[in-house]
Amino acid sequence: MRRIPYFDNTRGKEEKMSSELIEKALTTATETHDIVFGDNVTDQTGRMFTTLFPGKKVLVVADGNTFAATGDAVVASLKEAGVDFADDPYIFPGTPTLYAGYENVEVLREYIRPFEEAIVCSIGSGSLNDIAKLASGELGREYMNVCTAPSVDGFAAFGASIARDGFKITRSCPAPAGLIADTEVVCNSPQRLIATGYGDLIEKIPAGADWILADALGIEAINEYVWNMVQGPLRASLADPVAIGKGDKQAIEGLMEGNLMSGLAMQAGQSSRSASGAGHQFSHTWEMEGHGLDWEPPLSHGFKVGIGTIASCAIWEEFLKMDVEDFDIDHALASVKSPEEVEAKVRSLLQPRMQDEAVRHSLKKRTEGEKLVARINLLKEKWPELRERCKAQLMSPGDVMDRLKAVGAPYHPELIEIDWERFRETHVKAQMIRDRYTVFDILVDLGVYDKVVEHLFSEEGFWGQHRHPEV
Ligand SMILES: [Zn+2]
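Residues numbered from 1 in each chain as written. Predicted model: local features only at pLDDT ≥ 70, side-chain atom pairs only at ≥ 80, totals over all residues. Heavy atoms only, no water.

1. Quick look at the domain arrangement of the protein chain
Annotation of the protein chain at the domain level lists domain 1 (2–189) and domain 2 (192–220 + 273–465). Facing the 19 residues of domain 1 at the interface are 17 residues of domain 2. When the two sides are added together, the surface that domain 1 and domain 2 hide from each other amounts to roughly 1,400 Å², 61% of it contributed by carbon and sulfur. Area buried by domain 1 at its contact with domain 2 is led by Thr-97, Phe-167 and Lys-168, which between them contribute 34% of it. For the interface between domain 1 and domain 2, the tally reads 1 salt bridge. Lys-204 serves as the salt-bridge partner of Asp-153, at 2.7 Å between the closest nitrogen and oxygen. (Domains from an automatic or database assignment. Contact = heavy atoms within 4.5 Å. Buried area = accessible area lost by both parts, 1.4 Å probe. Salt bridge = Lys/Arg side-chain N within 4 Å of Asp/Glu carboxyl O.)

2. Observations regarding the layout of surface pockets
Within this model, the second largest pocket holds a volume of roughly 450 Å³. For the second largest pocket, the lining is made up of 24 residues, of which Lys-337, Val-342, Lys-345, Gln-431 and Val-444 are closest to its centre. For the lining of the second largest pocket, the secondary structure elements donating two or more residues are α15 (339–349), α16 (352–365), α19 (420–432), α20 (439–445) and α21 (449–456). In terms of residues, the lining of the second largest pocket owes the most to one element, α20, which gives 4 residues. Its residues assigned to classes, the lining of the second largest pocket shows 11 nonpolar, 5 polar and 8 charged. (1 Å grid on protein atoms, 1.4 Å probe; cavity = no way out; pocket = protein on both sides within 12 Å on 5 of 7 lines; lining within 4 Å. Points joined across faces, edges and corners; volume = space filled by probe spheres on them. Helix = DSSP H or I, 4+ residues; strand = E, 2+ residues; numbered from the N terminus. Nonpolar A, V, L, I, M, F, W, Y, C, P; charged D, E, K, R; others polar.)

3. Considerations on the coordination of the zinc ion
Surrounding the zinc ion are the protein donor atoms Asp-200 (OD), His-280 (NE2) and His-301 (NE2), at 2.1 Å. Look at where the donors of the zinc ion fall in the sequence and you get D-x79-H-x20-H. With a gap of 21 residues between them, His-280 in helix α12 (residues 278–288) and His-301 in helix α13 (residues 301–320) connect regions that are remote in the sequence. (Donors = N, O, S within 2.8 Å, 3.2 Å for Na, K, Ca; no water.)

4. Some remarks on helix α7 (residues 191–202)
Taking 1.5 Å of rise per residue, the 12 residues of α7 would be expected to cover 16 Å, and the 17 Å separating its terminal C-alpha atoms lies within 8% of that figure. Burial runs high along α7: 10 of the 12 residues are buried. Residues Leu-193, Ile-194, Ala-195, Thr-196, Gly-197, Tyr-198, Gly-199, Asp-200, Leu-201 and Ile-202 constitute the buried set of α7. (Expected span 1.5 Å × (residues − 1). Buried < 20%, exposed > 50% of the residue type's maximum accessible area, 1.4 Å probe, protein only.)

5. Section: the packing of helix α9 (residues 224–238) against helix α11 (residues 249–269)
It is at 9 Å that the axes of α9 and α11 come closest, and there the two elements cross at 170 degrees. In terms of axis orientation, α9 runs roughly antiparallel to α11. Along the contact surface, α9 presents Tyr-225, Val-226, Met-229, Val-230, Pro-233 and Ser-237, while α11 presents Gly-254, Leu-255, Glu-257, Gly-258, Met-261, Ser-262, Leu-264, Ala-265, Ala-268 and Gly-269. In the contact of α9 with α11, the residues fall into 10 nonpolar, 5 polar and 1 charged. (Axes fitted to C-alpha atoms, helices over the stretch in contact; angles between N-to-C directions. Parallel < 35°, antiparallel > 145°, perpendicular 65-115°, else oblique.)

6. Overview of the nonpolar core
Counting 96 residues, the largest nonpolar core has Leu-264, Phe-319, Leu-443 and Trp-463 as its most contacted members. The leading source of residues in this core is α13, at 10 residues. Residue contributions to this core reach at least three from each of two domains, namely domain 1 (2–189) and domain 2 (192–220 + 273–465). Setting aside its immediate chain neighbours within four residues, Leu-264 contacts Ile-22, Ala-25, Leu-26, Ala-29, Thr-32, Ile-35, Ala-156 and Met-229. (Core = buried A, V, L, I, M, F, W, Y, C linked by side-chain atoms within 4.5 Å.)

7. A few points about the pattern of salt bridges
Applying the stated criterion across every chain yields a total of 24 salt bridges. Among the salt bridges present, the one from Arg-347 reaches Asp-356, with a minimum N-O distance of 3.1 Å. For Asp-356, a relative accessible area of 48% corresponds to the partly exposed category. Here Glu-368 makes a salt bridge to Arg-366, at a shortest N to O gap of 3.0 Å. Arg-366 sits in the partly exposed class, given a relative accessible area of 22%. Within this structure, Asp-39, Glu-184, Lys-249 and Glu-253 form a network of salt bridges that share partners.

Written as structure tokens, this is what we have:
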């Protein structure tokens, strides 16, 4: 990765190392004003704090593990910059693994509340950053985070993925005002947190194809600027899963950069479209079902997304095998389900608490009559070019599986304790839970999705050929 020293007017004539891409991306981020990413940059925490929050007191928040990783250095930097501490560092227990549950958000929020003018400087990876983000957001306060692992693209994104009543959803709240990502710290994070970051990032490959599709069909136009923020560094960031799995510093820096850029792209686009497609919808389904939340450590977002990425690429592979003659308008029109049938199917498959929202999304996507005819005609017209573009964008499901294996992430649904029937059923449920147009939806519109899933799980299909993880 290329790094450039750059001159920053806001802080006087000081040089710091950071990624050129991230610097450019910060100019369009709506909530994040500063990111310092590079070697030995923790000592810039204090200066970032005084620049972003002049005159404010700090509350340092960490858990036992993240404080051990870099807490002393963060505190020293804040002290050196003359920042006043509202209280001693607040440290959640490190064991069992801190869990991004709403009860922890409430604990932190009520702890912060009386320190009226204080700003949180959290030290953590996905869970702690999300807890601090939502707790601060609910009090209408900004915050900043010192990243300790490259585990998610959520560091620089708005919204926090938080569990409540046994299931996980994303709650809206602003992104951090500032982030410190010290490569020395990030590269020394536990292997599972590095592998999970790879799982979250690799889904941007099929998510890109989903967006190309939605754009071609006139459903959701590609924003070139946002697209380039994610897709520009993506392949380089994903290029060497073996090196990432072995802890190679340069390779892990690339992963961190990819995940930071993805969060900034969501801010620039004010949408998660650039970062999340059908593959993420597998993960969201399992998160809403509470799968793995009570494990120790809890099953991570990126581990579920990685499996969803293989699944999405397998569906895409089937779609790309089709020719214009396979897009049968009469069959599509005859396959449209009535609103009552759509609703009944959603309610029969999903847990009660997921149903109402999924019914809304599914009915919104339901397409019939002239509109459906026009969509399929447009698909036919664009197919030769669209198919080539998507082929160039995608990876094969086998390639994704190999990469996840190389990085040390789960690479088969069995490895995250999703059994065969549940996995197959998730293919249907995942289509229902969001209104974002993806590869699921074109196949539903064509009236062939059930057949595609059936094929994938047949003996000749991808999953039929990969019934169990190879050892
Ligand atoms: Zn994600």
